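Fold and geometry: a report
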Amino acid sequence: MRTIWTSGHVKIPDTTRITLDRTFTILPAIYYWIPGRQLYKASTPVPPNGSATVKSDRDAVMWLNAFGASTHHVYLGRNKTTVADATPTSPEYQAKITSEGNVHYLTESLNPGSTYHWRVDAEIDDTTTYKGDVWSFQTE
């Protein structure tokens, strides 16, 4: 059986029979989503990236933790470049989330009709931190 891993999906290009406790036939070029698959960086933001219908009374943002990360650092702001370049000493720095935590409760209200940008960095150990993508959402 040939298996190719791509972006959280498994592609099995040939019709293949595999035997576990039953026999399954897998059709050519089908992609399967692997639920809960963790990347090397934070992923799967909530609200989803690009959302334009976020309520201004929203009180938290969430994400899927990076694989092997013990700590995540959250950044939030109105300017995409500033959030992208932010460090833990920047005003955009919001919180250090440890252990299995994947929720940041907002400390300030969101303004209606505004665009927000946010980022979650994954700290694997004292010397390895993966910078997250900058996500955005717009409030109603």
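Right above here is the structure, for reference.
Below is a short write-up of the structure. From a predicted model like this one, the values you see are computed outputs, not experimental measurements. (Residues numbered from 1 in each chain as written. Predicted model: local features only at pLDDT ≥ 70, side-chain atom pairs only at ≥ 80, totals over all residues. Heavy atoms only, no water.)

1. Considering the overall build of the protein chain
A tally of regular secondary structure across the protein chain gives one helix and 14 strands. A total of 140 residues make up the protein chain; the buried ones form 34% of that total. For the protein chain, contacts bridging at least 24 residues in sequence account for 57% of all contacts bridging at least 6. Accessible surface for the protein chain amounts to roughly 8700 Å². Of this, 52% is attributable to carbon and sulfur atoms. (Helix = DSSP H or I, 4+ residues; strand = E, 2+ residues; numbered from the N terminus. Buried < 20%, exposed > 50% of the residue type's maximum accessible area, 1.4 Å probe, protein only. Contact = heavy atoms within 4.5 Å. Areas by Shrake-Rupley, 256 points an atom, 1.4 Å probe, with all protein chains shown as cover.)

2. Some remarks on the packing of aromatic side chains
Applying the stated rule across the entire model yields five aromatic pairs. Note on Tyr75 and Tyr93: the rings are 5.2 Å apart at their centroids and 65° apart in plane angle, and the pair reads as edge-to-face. Of the two residues, Tyr75 sits in strand β9 (residues 71-77) while Tyr93 sits in strand β10 (residues 93-98), which places them 18 residues apart along the sequence. Owing to a relative accessible area of 2%, Tyr75 belongs among the buried residues under this scheme. Residue Tyr93 is classed as partly exposed on the basis of its relative accessible area, which comes to 21%. Put simply, the rings of Trp63, Trp118 and Trp135 touch in pairs and so form one group of aromatic residues. Above the plane of the ring of Tyr75 lies Arg119, whose end atom (NZ or CZ) is 4.0 Å from the centre. (Phe/Tyr/Trp six-rings, centres within 6.5 Å; stacked < 30°, edge-to-face > 60°. Lys NZ or Arg CZ within 6 Å of the ring centre and 35° of its normal.)

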